[in-house]
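Descriptive analysis of the structure
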Amino acid sequence: MAHSWIPTNAALARRNIQVEPYCSRCSNGDYETVFHALWNCRVNREVWTSDGFYGKIQRLGREDYVRNSVTHGGHKPQASAILEWCSKYLSEFRQSNVPKCDRARRETACWLPPATEEFKINVDAGVKVGAGVASTSLVVRDYVGAIHSAAATVVMQEMTPLQAELQAIARGLQAGIQCQLSAFSVESDCLQVVKLVQQEEGGCRDVDGVLAHIKSLLQNVRVRGLSFVFREANQVAHVLANEALNNKASAMWVGVVPPCASQAV
């Protein structure tokens, strides 16, 4: 940004590229400088207000593609669509940059049973950015792999992926304690969230309340701990979270395999 490397129209015009230097997004007649594109453009501000600063950084690489599409007859995408695309793009980028040793571990990862007489609760979450809907899921399995119970819950409110993943962990812990499972552990495929819960220092964040709640639940004598697993070892919870998100419907199963996740068990 400091060197105007972002290909705004004004920056391209200065490099003798045959484009008009004005902003084609808001059509206010303003020069599309980096400052304008990131802060002053009213259309781009819809994206800024749909997510936090992290969302702003995610969508920068999308700017050039969107401009070219609109220039050649396409439609301007909605802010929520831009954010959803960027979230998926970033996820794919991270997966493609996993070290070879971790990639091999991930490809061979599978669900592993807990210790004898114990249970394992796998959790996951889904979010439709800008749509005001999220989902959480949990799957309780015993030491032989049988499903004790499972649940998929729709949350009709705007949440970030971080908030949703934390809610999923909290609900998994609450479920194990309320069901009075003799002993259980919780697994999530969101490494960022697991590290956040496990770190000692606090902060001043909008998720500090749920973090404190999770850390309190982890002190329960029935809880054996929280750990990270690859998505491949968390497939049932992942499928349930996606089903609830796409269908906007909550469901619970006791003693049976959820039909929508039968292929993932």
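Residues numbered from 1 in each chain as written. Predicted model: local features only at pLDDT ≥ 70, side-chain atom pairs only at ≥ 80, totals over all residues. Heavy atoms only, no water.

Attention now goes to the overall build of the chain. Looking only at helices and strands, the chain features eleven helices and six strands. Counting over 265 residues, the chain shows a buried share of 42%. Here the chain displays about 14500 Å² of accessible surface, and carbon together with sulfur accounts for 53% of that area. (Helix = DSSP H or I, 4+ residues; strand = E, 2+ residues; numbered from the N terminus. Buried < 20%, exposed > 50% of the residue type's maximum accessible area, 1.4 Å probe, protein only. Areas by Shrake-Rupley, 256 points an atom, 1.4 Å probe, with all protein chains shown as cover.)

Packed helices, taken two at a time, are described by the angle between their axes plus the distance between the axes. Taken N-terminus to C-terminus, the directions of helix 8 (residues 161-178) and helix 9 (residues 191-198) make an angle of 65°; their axes are 10 Å apart at the nearest point. With respect to each other, helix 8 and helix 9 are oriented roughly perpendicular. With respect to the hand of their crossing, helix 8 and helix 9 are arranged in right-handed fashion. Of helix 9, the residues touching helix 8 (which contributes Leu 162, Glu 165, Leu 166 and Ile 169) are Gln 192, Val 193, Leu 196 and Val 197. When its residues are assigned to classes, the contact of helix 8 with helix 9 shows six nonpolar, one polar and one charged. (Axes fitted to C-alpha atoms, helices over the stretch in contact; angles between N-to-C directions. Parallel < 35°, antiparallel > 145°, perpendicular 65-115°, else oblique. Left-handed = near helix turned anticlockwise from the far one by under 90°. Contact = heavy atoms within 4.5 Å. Nonpolar A, V, L, I, M, F, W, Y, C, P; charged D, E, K, R; others polar.)

The next subject is the pattern of salt bridges. A complete count under the given rule lists three salt bridges for this structure. In this structure, Asp 189 and Arg 231 form a salt bridge, with 2.6 Å as the shortest nitrogen-oxygen distance. Placement of Asp 189 in the loop between strand 4 (184-188) and helix 9 and of Arg 231 in the loop between strand 5 (223-228) and helix 11 (235-247) is noted, with a sequence separation of 42 residues between them. (Salt bridge = Lys/Arg side-chain N within 4 Å of Asp/Glu carboxyl O.)

As a further point, take the environment of Lys 248. With respect to the helices and strands, Lys 248 occurs in the loop between helix 11 and strand 6 (251-254). Residues Lys 248 and Ala 134, spaced 114 residues apart in sequence, show a C-alpha to C-alpha distance of 8.6 Å. Other than its neighbours up to four places away in sequence, Lys 248 contacts Val 133, Val 154 and Glu 243.

In this section: the environment of Ser 227. Among the secondary structure elements, Ser 227 is positioned in strand 5. A C-alpha to C-alpha distance of 9.2 Å links Ser 227 and Gln 198, two positions 29 residues apart in sequence. When sequence neighbours within four positions are dropped, the list of residues in contact with Ser 227 reads Val 186, Glu 187, Ser 188 and Val 194.

With that settled, consider the confidence of the model for the chain. For the chain, the average pLDDT comes to 82, and 74% of its residues sit at 70 or higher. Per-residue pLDDT, averaged within each element of the chain, yields its smallest value for helix 4 (residues 53-58) (46) and its largest for strand 4 (98). Counting interchain partners and residues more than four positions distant, the pLDDT-below-50 stretch residues 56-61 has twelve contacts. (pLDDT = per-residue confidence, 0-100.)

Here we come to helix 8. With 18 residues, helix 8 extends 25 Å from end C-alpha to end C-alpha; this agrees with the ideal 26 Å at 1.5 Å per step. Listed in full, the buried residues belonging to helix 8 are Ala 164, Glu 165, Leu 166, Ala 168, Ile 169, Ala 170, Gly 172, Leu 173, Ala 175, Gly 176 and Ile 177. Summarising the contacts, the buried residues of helix 8 are in contact with strand 1 (119-128), strand 2 (133-142), strand 4, helix 9, helix 10 (208-217) and strand 5. After helix 8 finishes, the residue Gln 180 shows a positive phi value of roughly 55°. (Expected span 1.5 Å × (residues − 1).)

The backbone phi angle of Glu 117 is positive, close to 70°, even though this residue is not glycine. Residue Lys 248 is not a glycine yet carries a positive backbone phi of 50°.

So, on to the environment of His 238. Mapped onto the elements of the fold, His 238 is located in helix 11. The spatial distance from the C-alpha of His 238 to the C-alpha of Asp 124 is 5.6 Å, given a sequence separation of 114 residues. The contacts of His 238, once residues within four sequence positions are left out, are Asp 124 and Arg 231. A distance of 3.4 Å separates polar atoms of two side chains, one belonging to His 238 and the other to Arg 231. (Polar contact = N/O pair within 3.5 Å; in protein donor to acceptor, adjacent residues only side chain to side chain.)

Counting 33 residues, the largest nonpolar core has Ile 121, Leu 166, Leu 173, Phe 184 and Ile 214 as its most contacted members. Of all the secondary-structure elements, those providing two or more residues to this core are strand 1, strand 2, strand 3 (147-155), helix 8, strand 4, helix 9, helix 10 and strand 5. In terms of residue count, helix 8 provides more of this core than any other element does, eight residues in total. Excluding residues within four positions of it along the chain, Leu 173 makes contact with Phe 184, Val 186, Ile 214, Leu 217, Leu 218 and Val 223. Among the nonpolar cores identified, the runner-up in size contains 14 residues, and Val 133, Val 154, Trp 253 and Ala 261 belong to it. (Core = buried A, V, L, I, M, F, W, Y, C linked by side-chain atoms within 4.5 Å.)

Turning our eyes to something else, we now look at helix 10. Within helix 10, the full set of buried residues consists of Val 210, Leu 211, Ile 214 and Leu 217. Here the buried residues of helix 10 occupy an arc of 125° about the axis, which is enough to place them on one side. Tucked into the core, helix 10 has its buried residues touching helix 8, helix 9 and strand 5. (Arc of directions from axis to C-beta.)

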